[in-house]
Amino acid sequence: MTHLLDPPPPGVPASAVPLPAVPLTDATLAELPGNVAVPGYDRAGLVPAVVHLGVGGFHRAHQAVYFDELARRGNSEWGVVGVGISNRELAAALRAQDRLFTVVTRGADESAARVIGVLAEHLLLADQADAVRNRLSDPRTRLVTLTITGDGYALDDSQSAAPDSLFEVLVDALELRRTAGVAGFTVLPCDNLPDSGATAERAVLGIARSRNDELAEWIERNVSFPDSMVDRITPSITSEDRERIQGEFAVADRCPVITEPFTQWVIEDDFSTTRPPLDEVGVRFVEDVKPYTLIKTRMLNGTHCALGYLGTLAGYERTDQAMADPVIAAFVRQLMRVEIAPLLPGDLPGMDLWRYQRSLIERFSNPAIGDQLSRLCRRGSTKMPNYLLPSLLQASASGQPCRLLTVVTGAWLRYARGIDLSGAPITVHDPRAAELRAASEALRSGPERGIGLPDVFGRLAPDVELARRLRSVMIDLDKLGVVGLLTPLLETSEPRTAGFAERAVGRWPEFHQGALADRNLTSSPASCSGASSAMW
Ligand SMILES: NC(=O)c1ccc[n+]([C@@H]2O[C@H](COP(=O)([O-])OP(=O)(O)OC[C@H]3O[C@@H](n4cnc5c(N)ncnc54)[C@H](O)[C@@H]3O)[C@@H](O)[C@H]2O)c1
Ligand SMILES: O=P(O)(O)OC[C@@H](O)[C@@H](O)[C@H](O)[C@H](O)CO
C-alpha cells in the first residue's frame, strides 16, 4: 500500500501520484485534500429542526446542500434528521461515515467536491418507525420535508393500512403533538408534483379524518403544506462513479452524489412555524409556486421524458449521448420551442422562457454528469400524466401544434412493450408496466377503442383519432427507426426564430395538470394543428 509520505516512483512528478483515499468520517475530515470543501461548523451543536423523509440522491444534492450552507454561514438552527424509507445499504453507509457524504458538482469546466455535514441524525423508517415518530413529535421539529417520488403520495389501501407507513407515522406524530400541546410543523414536499403541498395535505388529512375529526381539524389549523418547485439534475450513482470520485478527490465515500452546477428552489411562503432563512442561500419565497412548477415540469421533465423514450429506442444510454445526435437535439429544441413553451406563462419573475430553454439544452448535454436515460424512463405512468400529457391535451384542445408531443407519447407506448427496436428486451421500471404493455398492444391491434387507461390518459383516453396517430408512431418507429421518424418532422415544421415568450397564449390555468384527470369532461379534445398533414 502506498503511504502518503512515500516518494513518487522515479520519473513520475509528485502532482501526478494519486493521493491515497481517506475514508470519510468526522475524525478524518482534516485529512481530506484542500480541493474538498468540508463542514467547518460544530456538527454536534446543530438543532434538529428539519426532518427529511425519503433520503435519496436528490435530497442530498439539493435540500441538504441549502441547509449545509446555512450552517456554514453560522446558523446552527436548521440541522436535518434524515429518514430513509427502506434503503439499508445507504443507511449503513451513512452510519459508517458519521452521516457525512460528498456532493460532487460537475459542469463543462468545473468539478468540485463538498462534504455535507448537516445530517444530525439518520433513521430508517423500515426498522426504526418509533424513533421516527419520536423525532417528528419532538417540539424542536419545525419543518418536515419530503422526497418520496410521485408514487409515494398515491396511497392505496394496503399502504394506508400499514401502521408504520410513512403517512401513518406522520399522522401519529401530529396526534402526539396535539395531545401534548406542542405546536404543529410545516410539511414541505420536494417532489416534482403539481400542487405538491395540496397533495401531501390530502394524504395526511385523509388518514387523520379516518381516525377522528378533532385531529383533522387540529391539523388544518396548525400544519401548513406549502408547495415548492425543486430543480437540480441528479443522476443515480454507480460504483464506477464512486471509484472516480475516490481517484479525483482522494475521498473514500460509500455514498457520494454527483450533480450539476445548476440548482433552484422556489417555495410558497406559507409556513405555520418559523420560516428557515433559506432566502439567504438562494431560495426564492413566492406567493404562488404553481407557475414555476408548471414551467419546470413541462419544459424540463416533459422534455426529459422525450429524451428518455426516444433516446433509449435510438440505442443511447445517457442524455448527453442522445443530445449529441443532431436529429434528437433538434427534435428536443423544437419540442420545447414550438409545442411546449407557447402554452406557458411568459412573464414570470426569474423565469425567462427563452433563456430557460437555452439553459436546459446545455444542462441536458452536460457529459460530465452522465445522466442515465433509464432514470428518465422509470415510472412513466405517474410522470407522463404530470409532465407531458397536459401539454398534449392543452395544445390539442386549443388547436396548437402537437405532433411532436404525440410522437413522444407514441414512443413511450412503444417503449412500454418492453422490447427495443431491434427486439432486445427493455426493463420497464413502472408499477403499472403490465397494464401499460397491454394497453400498448391493444392500441396497436385496434385503435378504434381509443387509448384506454383513463386514469393515466384522462380526457385523452377515449380519443380515437389520437389513438390512431399513436399507433402510426409506434409502427413508424419499428419501420423507420427514431431518426427516420423524426427527420421529416423537423424538415416540414414551420421554422420559428422569434423568442417564444411573446407568443405565450396565456390560457394555462385551465389546463393545469389536474385537468387531464377531470373525468366529468367526456368530450375528446379537438385535434392538434398540423395533425392532418402528411405525417399522419
Ligand atoms: N434526481 C433528480 O434529478 C431530481 C430532481 C428534482 C426532483 N427529484 C425528485 O426527488 C425524488 C427522489 O428522487 P431521487 O433522485 O432522490 O431518487 P432516489 O431513488 O435516490 O430516491 C428516491 C427516494 O424516494 C423513496 N421512495 C420511492 N418510492 C417511494 C414510495 N412509493 N413511497 C415512499 N417513498 C418512496 C425512496 O425510498 C428514496 O428515499 C423524486 O420524486 C424526484 O422526482 C429528483
Ligand atoms: O425524478 P423523476 O423520475 O420524476 O423524473 C426524472 C427527471 O426528469 C428528474 O429527476 C429531473 O432530473 C429533475 O426534475 C431535475 O430537477
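Since we're looking at a predicted model, the values are computed, not measured.

1. Some thoughts on helix α4 (residues 129–137)
Reasoning step 1: Those residues of α4 that sit buried are A129, V132, R133, R135, L136 and S137.
Reasoning step 2: Tucked into the core, α4 has its buried residues touching β3 (48–53), β4 (79–84), β7 (119–124), β8 (143–146) and α6 (166–180).

2. Brief notes about the site of ligand 1
Reasoning step 1: Not every one of the 19 residues close to ligand 1 is listed here, only the nearest: G57, F58, T149, D191 and T234.
Reasoning step 2: I148 has a polar backbone atom sitting 3.5 Å from a nitrogen atom of ligand 1.
Reasoning step 3: R232 has a polar backbone atom sitting 3.2 Å from an oxygen atom of ligand 1.
Reasoning step 4: If ligand 1 stood free it would expose 810 Å²; the protein chains cover 76% of that surface.

3. Overview of the site of ligand 2
Reasoning step 1: Lining the immediate surroundings of ligand 2 are 13 residues, of which D231, K296, H304, R375 and Y387 lie closest.
Reasoning step 2: For ligand 2, the protein covers 90% of the area, taking 390 Å² as the surface of the free molecule.
Reasoning step 3: Examining the composition of the shell around ligand 2, we find that 4 residues originate from one element, helix α10 (residues 290–313), more than from any other.
Reasoning step 4: For the shell around ligand 2, the per-class residue count stands at 4 nonpolar, 3 polar and 6 charged.
Reasoning step 5: The two domains that each donate at least three residues to the shell around ligand 2 are domain 1 (18–286) and domain 2 (290–517).

4. A few points about the pattern of salt bridges
Reasoning step 1: Under the definition given, this model contains 35 salt bridges.
Reasoning step 2: In this structure, R363 and E260 form a salt bridge, with 2.5 Å as the shortest nitrogen-oxygen distance. Of this pair, R363 sits in helix α13 (residues 353–364) while E260 sits in the loop between β12 (257–259) and β13 (264–268), and the two are 103 residues apart along the sequence. Judged on exposure class, the residue R363 and its partner E260 are both buried.
Reasoning step 3: One salt bridge connects R432 with E435, and the closest N-O pair in it is separated by 2.8 Å.
Reasoning step 4: For R432, a relative accessible area of 21% puts it in the partly exposed group.
Reasoning step 5: For E435, a relative accessible area of 38% gives the class partly exposed.
Reasoning step 6: Taken together, the salt bridges that share partners define one network made up of D130, R133, D164, E168, D172 and R211.

5. Looking at the packing of aromatic side chains
Reasoning step 1: Under the criterion given, the structure shown has 7 aromatic pairs.
Reasoning step 2: Centre to centre, the rings of F271 and F285 are 5.8 Å apart; their planes meet at 80°, and the pair counts as edge-to-face. On the criterion of sequence distance, the pair formed by F271 in the loop between β13 and β14 (284–286) and F285 in strand β14 is long-range, its members being 14 residues apart.
Reasoning step 3: Among the aromatic side chains, those forming a connected cluster through ring pairs are Y309, W412, Y415 and F457.
Reasoning step 4: Seen from the ring of F262, R363 lies directly overhead, with NZ or CZ sitting 3.8 Å from the centre.

6. Digging into the sheet that holds strand β2 (residues 36–37)
Reasoning step 1: Taken in spatial order, the 4 strands line up as β2-β6-β5-β12 in an open sheet, and their pairing is mixed. Looking at the sheet topology across the chains shown, the edges are occupied by β2 and β12.
Reasoning step 2: Note that strand β5 (residues 101–106) and β12 share 3 bridges and pair parallel. Note on β12: the bridge partner recorded for V104 is I258.
Reasoning step 3: The strands that helix α2 (residues 63–72) touches are β2, β5 and β6 (111–116); relative to β6, the one it contacts most, it runs at about 75°.
Reasoning step 4: Running over the sheet, helix α9 (residues 239–249) touches β2, β5, β6 and β12 and is turned about 85° from β5.

7. Overview of the UniProt feature "domain: Mannitol dehydrogenase C-terminal" (unreviewed entry) in the chain
Reasoning step 1: With numbering matched to this structure, UniProt assigns "domain: Mannitol dehydrogenase C-terminal" (unreviewed entry) to residues 288–466.
Reasoning step 2: Overall, residues 288–466 shows 62% helix and 0% strand. The separation of its end C-alpha atoms is 34 Å.

8. A few points about the nonpolar core
Reasoning step 1: Ranked by size, the top nonpolar core spans 92 residues in total, and within it M299, L307, F331, F364, F457 and L486 carry the most contacts.
Reasoning step 2: Beyond its immediate stretch of four places on either side in the chain, F331 contacts A306, L310, L404, V407, V408, L486, L489 and L490.

9. Considerations on the domain arrangement of the chain
Reasoning step 1: According to the domain assignment, the chain contains domain 1 (18–286) and domain 2 (290–517).
Reasoning step 2: Just the C-alpha atoms count here: the centres of domain 1 and domain 2 sit 30 Å apart.
Reasoning step 3: Each side of the interface is counted separately: domain 1 has 30 residues, and domain 2 has 28 residues.
Reasoning step 4: Interface area for domain 1 against domain 2, summed over the two sides, is near 2,200 Å², with a carbon-plus-sulfur share of 54%.
Reasoning step 5: For the domain 1 face of the interface with domain 2, the top three residues by lost area are D151, N192 and I233, together amounting to 24%.

10. Some thoughts on the side chain of R232
Reasoning step 1: In this fold, R232 is placed in the loop between β10 (228–231) and α9.
Reasoning step 2: One buried charged residue, R232, forms no salt bridge at all, with the nearest opposite charge on E260 at 5.9 Å.
Reasoning step 3: In this structure the side chain of R232 is engaged in a polar contact, spanning 2.9 Å, whose partner is the backbone oxygen of E260.
Reasoning step 4: Among all residues touching R232, those that are not within four sequence positions of it are F58, A61, H62, V65, T105, T259, E260, P261, F262, T263 and R363.

11. A closer look at the state of the cysteines
Reasoning step 1: Evaluated as defined, the whole model comprises 0 disulfides.
Reasoning step 2: C255 carries a free sulfur, and the closest cysteine sulfur to it, the one in C190, is 20 Å from it.
Reasoning step 3: Take C255: its relative accessible area is 5%, and that puts it in the buried class.
Reasoning step 4: Left unpaired, C377 is separated from the closest cysteine sulfur, that of C305, by 8.2 Å.
Reasoning step 5: For C377, a relative accessible area of 3% puts it in the buried group.

Procedures and definitions
Position numbers for residues start from 1 in each chain and track the written sequence from start to end. Written order decides the labels, with chains lettered from A and ligands numbered from 1. Since the coordinates come from a predicted model, pLDDT governs what is reported: local features require at least 70, and pairs of side-chain atoms require 80 or more to be given and counted, while whole-chain, interface and lining totals use all residues. The side-chain numbers reported here are obtained from all heavy atoms of the structure, hydrogens and water having been left aside. Note on classification: 1.4 Å probe, protein chains only; a residue is buried when its accessible area is under 20% of the maximum for its type, exposed when over 50%, partly exposed between these limits. Each helix corresponds to a stretch of at least 4 residues labelled H or I by DSSP, and each strand to a stretch of at least 2 residues labelled E; elements are numbered beginning at the N terminus. Should any heavy atoms of two residues lie within 4.5 Å, those residues are counted as being in contact. Any residue with a non-hydrogen atom lying within 4 Å of a molecule or strand is treated as near it. The definition of a polar contact used here is a pair of N or O atoms within 3.5 Å, where within protein one atom must be able to donate a hydrogen and the other to accept one, and adjacent residues in sequence count solely through side-chain atom pairs. Where accessible areas are quoted, they stem from the Shrake-Rupley method and a 1.4 Å probe; at the residue level, only the protein chains shown are allowed to cover. Residues are grouped as follows: nonpolar covers Ala, Val, Leu, Ile, Met, Phe, Trp, Tyr, Cys and Pro; charged covers Asp, Glu, Lys and Arg; every other residue, Gly included, is treated as polar. Residue ranges for the domains originate in an automatic or database domain assignment. Salt bridge, as used here: a side-chain nitrogen of Lys or Arg that lies within 4 Å of a carboxyl oxygen of Asp or Glu. Two aromatic rings from Phe, Tyr or Trp, using only the six-membered ring of Trp, form a pair when their centres are within 6.5 Å; if the ring planes differ by under 30 degrees the pair is stacked, by over 60 it is edge-to-face, and anything between is tilted. Only lysine NZ and arginine CZ atoms are considered, and such an atom sits over a ring when it is within 6 Å of the ring centre and within 35 degrees of the ring normal. Two strands form a pair only when DSSP identifies at least two bridges running between them. In this description, a line fitted to the C-alpha atoms serves as the axis of each element, helices being fitted only across the stretch in contact, and the angle between N-to-C directions of two axes falls anywhere from 0 to 180 degrees. UniProt positions are given in the numbering used here, feature names are shortened, and annotations may be inferred rather than shown by experiment. Residues enter a nonpolar core if they are buried and are Ala, Val, Leu, Ile, Met, Phe, Trp, Tyr or Cys, with the set joined through side-chain atoms within 4.5 Å. Buried area: the accessible area, evaluated with a 1.4 Å probe, that two parts lose upon being put together, summed over both parts. Just so you know, the count uses Lys and Arg for positive and Asp and Glu for negative, and it drops His and the chain ends. Cysteine sulfur atoms that pair up within 2.5 Å are treated as a disulfide.

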